[in-house]
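Residues per chain are reported as follows:
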Amino acid sequence: MAAPMLRRFPRGRRFGTPGVSGVLLLGQREARSGAQGLLAVQKARGLFKEFFPEKGTKVELPELLDRGSGSFPQTVYCGFDPTADSLHVGHLLTLLGLFHFQRAGHNVIALVGGATARLGDPSGRPKEREALAPEQVRGNARALRRGLEAVAANHQRLFANGRPWGSFTVLDNAAWYQGQHLVDFLAAVGGHFRMGTLLSRASVQARLQSAGGMSLAEFLYQVLQAYDFYYLFQHYGCRVQLGGSDQLGNITSGYEFIHKLTGEDVFGITVPLVTSTTGAKLGKSAGNAVWLNREKTSPFELYQFFVRQQDNLVERYLKLFTFLPLPEIDHIMQLHDKEPEKRGPQKRLAAEVTKLVHGQEGLDSAKRCTQALYHSSIDALEVMSDQELKELFKEASFSELVLDPGTSVLDICRKANAIPDGPRGYRMITEGGVSINHRQVTNPESVLVVGQHILKNGLSLLKIGKRNFYIIKWLQL
């Protein structure tokens, strides 16, 4: 492929036209104002943290978004590098930032970094990422694309507000880097970057002063992210980049590159990083990721992550992670002051996030699992699927057994290898250490009864002691 032509292209390629892949159209838009309100409201909610350039975003950006909210919507993008096969909670704030722009009538792009993930973003990292094989990056990129499209579909289906929205598009930057010749690319692009400026970035300085230093691949990451911004500016009219607060240096590089080539201004907005109670950034590298892929973190686990949030964080998280209006959040917190034991804000927060990520079905599943585990609800247990039981009791042994006539409590315990052979196992039952479907059983010789020991869905939940669970699926009932 020839080197990129760095000249001004006519913009005006519209979303929804033939040849543009990954487009999810969410309706036509109508003229409206309120861009200043959009930025101000999200600033007040705590979602929009920093604006770049600071001077330009006080006047020019609100005016740009105001003009663009009618017949000529603006385009905003955010990048997601596929260093894993799933998004996590740390990605949610930038994704919500995109959704807020979309809800205001602007087009948004979620950019999967199928190329940049090969280099590894050094921002906010004490050491270099472990290199990923090309095949793994491609697989991760496909998975992230599916995840982004799934959350966007839930947003469209379940959080509509009666207004026309902009479009949501998923792209992969591998599309414009594949086939590029290194020397041609550097000759065309490299001359527009100054080493002193690149070296001055806080993320670069931190890594250069670390024991492991910084590789050339990592150093060039900001150049490729800047070129991504330029490419989207030229081909999609994108003038706003959204990113985590650790991305400000990369966003600045993109602004300087575009301004130098075109003389036009673009803008950057950062969102806060999601951290644990110890202040550590939530994510794969830190080992504390709460994933958005059901196979890695179930709807129940995601729901419980937010239900467990502390009182001093929950109001902030309601503003950051939900679309609830600020007056409604104030009302929720007022009720909480009167009845803090009900944990109303935490439950509402958990419900809103789980519904966005996993849909109404995922939220229903999370609530069933909560009732079954923490409230010993037989009704909830009885309608749970095999998948939900496996998600809820991840460490549980799963067995398939045939119900023979006369099968007793002792028989099921032994067939599931839940108790030791001999008198010790027998005593575990008689001394009250065994329960079936949340009901304690003390007679080892009791014959299993369908509807009591065996639920309508053909399952039995066997618990030994306080934490050891065994799931039995009965065959040929």
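Residues numbered from 1 in each chain as written. Predicted model: local features only at pLDDT ≥ 70, side-chain atom pairs only at ≥ 80, totals over all residues. Heavy atoms only, no water.

Turning to the overall build of the protein chain, a few remarks are in order. A count of helices and strands for the protein chain gives 19 helices and 12 strands. Relative to its 477 residues, the protein chain shows a buried fraction of 52%. Counting only contacts in the protein chain whose residues sit at least 6 apart along the sequence, the fraction spanning at least 24 positions is 75%. Here the protein chain displays about 22,100 Å² of accessible surface, and carbon together with sulfur accounts for 51% of that area. (Helix = DSSP H or I, 4+ residues; strand = E, 2+ residues; numbered from the N terminus. Buried < 20%, exposed > 50% of the residue type's maximum accessible area, 1.4 Å probe, protein only. Contact = heavy atoms within 4.5 Å. Areas by Shrake-Rupley, 256 points an atom, 1.4 Å probe, with all protein chains shown as cover.)

Attention now moves to unusual backbone geometry. Omega for the bond connecting Phe52 with Pro53 falls within 30 degrees of zero, at -10°, which places this linkage in the cis form. By secondary structure assignment, the location of Pro53 is in the loop between strand S2 (50-52) and helix H2 (54-68). Non-glycine residue Ser376 carries a positive phi angle of around 50°. Inspection of the secondary structure puts Ser376 in the loop between helix H15 (344-374) and helix H16 (378-382). Here Ser376 falls in the partly exposed class, since its relative accessible area comes to 41%. Look at Asn417: it is not a glycine, yet its phi comes out positive at around 55°. Assignment of secondary structure puts Asn417 in the loop between helix H18 (409-415) and helix H19 (423-430). Residue class for Asn417 comes out exposed when judged on its relative accessible area of 65%.

Burial runs high along strand S5 (residues 168-172): 4 of the 5 residues are buried. Relative to S5, strand S4 (residues 107-112) is paired through 5 bridges, and the arrangement is parallel. By the bridge assignment for S5, Ala110 is matched with Val170. (Pairing = 2+ DSSP bridges.)

Turning our attention to the nonpolar core. The biggest cluster of nonpolar side chains holds 63 residues, and the ones touching the most others in it are Phe306 and Phe321. Judged by nonpolar contacts, the second largest core, of 32 residues, contains Trp176, Ala188, Leu224 and Val266. (Core = buried A, V, L, I, M, F, W, Y, C linked by side-chain atoms within 4.5 Å.)

Moving on, we come to the pattern of salt bridges. According to the stated counting rule, one finds 15 salt bridges in the structure shown. A salt bridge links Glu315 to Lys319, with the nearest nitrogen and oxygen atoms 3.8 Å apart. With Glu315 and Lys319 both in helix H13 (residues 311-321), this residue pair falls 4 residues apart, about one helical turn. A residue is classified by how much of its surface remains accessible, and Glu315, at 31% relative accessible area, is partly exposed. The closest approach of N and O atoms between Glu339 and Lys342, which form a salt bridge, is 3.2 Å. When salt bridges with common partners are traced through the structure, they connect Glu328, Arg348 and Glu352 into a single cluster. (Salt bridge = Lys/Arg side-chain N within 4 Å of Asp/Glu carboxyl O.)

Now for a nonpolar patch on the surface. Where nonpolar side chains cluster on the molecular surface, the patch consists of Leu182, Val183 and Leu186 and spans about 310 Å² of accessible area. Mapped onto the elements, Leu186 comes out in helix H6 (residues 182-189). (Patch = residues over 30% accessible without salt bridge, like charges linked within 9 Å, V, L, I, M, F, W, Y side chains within 5 Å.)

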